[in-house]
Amino acid sequence: MIEGASTTWCQVSDMERSIAFYRDVLGLTPLMESPYWTEFKLGEGKIALHHRLEDGSGPCGENGKGWYLGLLCSDVSLLARKVREGGGSEHGMHQTPGGVVLTICDPDGNPMQAMQVGAKLEDLS
């Protein structure tokens, strides 16, 4: 049945703005770009952005609902600042046994969590 992961993707309302966020704020490398589908390298895999599937109102994504893209990060404090400056939103950090997790959303509200392995909240500025 299931043999592995394929491309994880999310809907976006403005492809150019979203490409800039994932490339310039998150630092991901684009593999291909188009107005309808854009792929980025993520470790050994890839993620993709898809234009909104149906015309409609409301967010494409929403913090606190649905799936989250899990990311590894070397500096969650820096990432939080870059996300706020780059048009995304930051929803706080929390401690886990493995490290600190930062919850963020892209400009369309698609949720992600970035983990800084081994970090402690009290050590972050």
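As shown above, the structure is provided for reference.
Residues numbered from 1 in each chain as written. Predicted model: local features only at pLDDT ≥ 70, side-chain atom pairs only at ≥ 80, totals over all residues. Heavy atoms only, no water.

1. Brief notes about the sheet that holds strand 5 (residues 69-72)
Pairing is mixed across the open sheet formed by four strands, whose spatial order is 5-8-7-6. The strands lining the two open edges of the sheet, one partner per strand, are strand 5 and strand 6 (89-96). Within this sheet the neighbouring strands show an average axis-to-axis angle of 25°, counted without direction. Sheet topology note: the strand 6/strand 7 (residues 99-105) ladder contains six bridges and is antiparallel. Across the sheet, residue Q95 finds its bridge partner in strand 7, namely V100. (Pairing = 2+ DSSP bridges. Helix = DSSP H or I, 4+ residues; strand = E, 2+ residues; numbered from the N terminus. Axes fitted to C-alpha atoms, helices over the stretch in contact; angles between N-to-C directions.)

2. Comments concerning the pattern of salt bridges
Between side chains of opposite charge, a pair can form as their charged atoms come close. In total, this model carries six salt bridges according to the counting rule given. Two residues, R23 and D24, come together in a salt bridge whose shortest N-O distance is 2.7 Å. Judged by relative accessible area, which is 33%, R23 ranks as partly exposed. For D24, a relative accessible area of 46% puts it in the partly exposed group. With its nearest N and O atoms 3.1 Å apart, the salt bridge here joins R81 to E85. Of the two residues, R81 and E85 are both situated in helix 2 (residues 76-85); the distance of four residues between them amounts to about one turn of the helix. You can call R81 partly exposed: its relative accessible area is 37%. (Salt bridge = Lys/Arg side-chain N within 4 Å of Asp/Glu carboxyl O. Buried < 20%, exposed > 50% of the residue type's maximum accessible area, 1.4 Å probe, protein only.)

The analysis is restricted to geometry; functional conclusions fall outside its scope.
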